[in-house]
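What the coordinates show
Spelled out from the first residue to the last, the chains are:
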Amino acid sequence: MRIGVLALQGDFREHMVALAEIGIGAVAVKTAEEIVAIDALVIPGGESTTISKLAKSFNLFDLISDRISNGMPTYGSCAGMILVAKSIQDPASGQDSFGGIDMVVKRNAFGRQVDSFEADLDFKGITEPKVRGVFIRAPWVESCGPNVEVLAKVEIEGNSHPVAVREGKVLATAFHPELTGDFRVHRYFVEEICKK
Ligand code: GLN
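So, here is what we can say about the structure in this document. The shown structure was predicted, so the numbers you read here are calculated from the model rather than taken from an experiment.

Right, let's talk about the overall build of the chain for a bit. What the chain contains, in helices and strands, is six helices and 12 strands. On C-alpha atoms alone, the chain measures out to a radius of gyration of 15 Å, which is about the 16 Å that the 2.2 N^0.38 rule sets for 196 residues. Considering only C-alpha atoms, the chain reaches an extent of 45 × 40 × 30 Å along its principal axes. Evaluated residue by residue, the chain yields a buried proportion of 52% over its 196 residues. In the chain, the proportion of contacts linking residues at least 24 apart, taken out of those at least 6 apart, comes to 65%. Total accessible area on the chain is roughly 8,800 Å²; 47% of this is exposed by carbon and sulfur atoms. Distance between charge centroids for the chain: 1 Å, based on 21 positive and 26 negative side chains.

If you want it as structure tokens, here you go:
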């Protein structure tokens with residue numbers, strides 16, 4: 001199983017380290033040849049508009065989108081969550097998503113006051129201790145279809161918002177597990193999604 005980390009922009013190196021820590025020698029991918037050769041993909045945090053525009057200008061956009069819709073296991077964190085959404089609420093101009101999960105994602109959803117924060121999350125499928133969520137200008141899931149499984153939520157002002165979801169072979173988190181030293185979310189992706 002060759003896992004690629006999309007290396008156009010963002011914190012792809014941290015995902016490579018996280019995967020290495022759980023024994024996976026991932027490859028950084030940024031060409032069509034490299035993307036054709038992988039079995040699974042991680043889309044890092046960063047800036048989703050930039051990643052989307054770079055993917056288009058390098059002619060990778062449709063390839064990635066097709067591979068995801070043909071069942072390639074994919075994990076997107078933060079900007080990566082936005083990129084695997086079927087639709088983006090208020091996208092920036094020229095911003096598109098690859099798709100993969102039937103959801104509407106709201107960018108920078110937590111607003112200025114809590115632009116960046118951390119929270120301990122109950123994550124379905126990962127047993128105690130709770131997963132530390134690091135949120136950096138993070139999105140949340142505004143709405144999702146019936147086949148989307150919500151794995152974790154955050155409560156803000158009495159409303160609960162999904163921040164980790166899965167549909168079939170595609171996983172997305174609004175937060176950055178690659179930054180915490182706790183790689184159970186990466187392990188979940190490898191064991192529960194890639195290997196099954
Ligand atoms: N706010 C960023 C975006 O819209 C995501 C931030 C992140 O990946 N930490 O792409």
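So, next bit.
With that settled, the discussion passes to the pairing of strand β3 (residues 40–43). Along β3, one buried face is formed by Ala40 and Val42 and the opposite face, lined by Leu41 and Ile43, is buried too. Bridge count for strand β1 (residues 3–6) against β3 is three bridges, and the pairing is parallel. Paired with Gly4 across the strands is Leu41, a residue of β3. Where β3 lies against strand β4 (residues 74–77), three bridges are found, and the strand directions are parallel. Bridge assignment links Leu41 to a residue of β4, and that residue is Thr74.

What follows covers the site of the ligand. Inspection of the region around the ligand gives Gly45, Gly46, Glu47, Ser48, Cys78, Ala79, Ile82, Arg107, Asn108, Ile136, Arg137 and His176 as its neighbouring residues. Asn108 is positioned with one of its side-chain polar atoms (N or O) 2.7 Å from a nitrogen atom of the ligand. The contact in question runs from a nitrogen atom of the ligand to an N or O atom on the side chain of His176, over 2.9 Å. Within the complex, the protein chains bury 92% of what would otherwise be the 300 Å² of accessible surface of the ligand. Looking at the shell around the ligand residue by residue, the classes come out as four nonpolar, five polar and three charged.

Here we take up the environment of Val190. Mapped onto the secondary structure, Val190 falls in helix α6 (residues 184–194). Classification of Val190 by relative accessible area gives buried; the value is 3%. Separated by 41 residues in sequence, Val190 and Glu149 place their C-alpha atoms 17 Å apart. Once residues lying within four places of it in the same chain are set aside, the contact partners of Val190 are Ile3, Leu19, Ile22, Ile24 and Lys195.

As a further point, take the pattern of salt bridges. Within this structure, the stated rule accounts for 11 salt bridges. With a closest N to O distance of 2.8 Å, Arg107 and Glu47 form a salt bridge. With Arg107 in the loop between β6 (101–106) and β7 (116–121) and Glu47 in the loop between β3 and α3 (48–57), this residue pair connects regions lying 60 residues apart in the sequence. Measuring nitrogen to oxygen at the nearest pair gives 3.1 Å for the salt bridge that ties Asp120 to Arg132. Separated by 12 residues along the polypeptide, Asp120 in strand β7 and Arg132 in strand β8 (residues 131–136) bring together distant segments of the chain. Bridged by salt links that share partners, the residues Glu118, Asp120 and Arg132 form one connected network.

For the rest of this paragraph, the subject is the pairing of strand β10 (residues 149–156). In this structure, β10 lies alongside strand β11 (residues 159–167), joined through seven bridges in antiparallel fashion. Each residue of the ladder has a partner; that of Val150, found in β11, is Val165.

Okay, the layout of surface pockets next. Picture a little ball the size of a water molecule; that probe, rolled over the atoms, points out where space is still empty. Taken as a whole, the largest pocket encloses approximately 160 Å³ of empty space. Taken together, the residues of the lining of the largest pocket break down into four nonpolar, four polar and three charged.

Analysis parameters
Residues numbered from 1 in each chain as written. Predicted model: local features only at pLDDT ≥ 70, side-chain atom pairs only at ≥ 80, totals over all residues. Heavy atoms only, no water. Helix = DSSP H or I, 4+ residues; strand = E, 2+ residues; numbered from the N terminus. Rg over C-alpha atoms; globule rule 2.2 N^0.38 Å. Buried < 20%, exposed > 50% of the residue type's maximum accessible area, 1.4 Å probe, protein only. Contact = heavy atoms within 4.5 Å. Areas by Shrake-Rupley, 256 points an atom, 1.4 Å probe, with all protein chains shown as cover. Lys, Arg positive; Asp, Glu negative; His and termini not counted. Charge placed at Lys NZ, Arg CZ, Asp CG, Glu CD. Pairing = 2+ DSSP bridges. Near = heavy atom within 4 Å. Polar contact = N/O pair within 3.5 Å; in protein donor to acceptor, adjacent residues only side chain to side chain. Nonpolar A, V, L, I, M, F, W, Y, C, P; charged D, E, K, R; others polar. Salt bridge = Lys/Arg side-chain N within 4 Å of Asp/Glu carboxyl O. 1 Å grid on protein atoms, 1.4 Å probe; cavity = no way out; pocket = protein on both sides within 12 Å on 5 of 7 lines; lining within 4 Å. Points joined across faces, edges and corners; volume = space filled by probe spheres on them.

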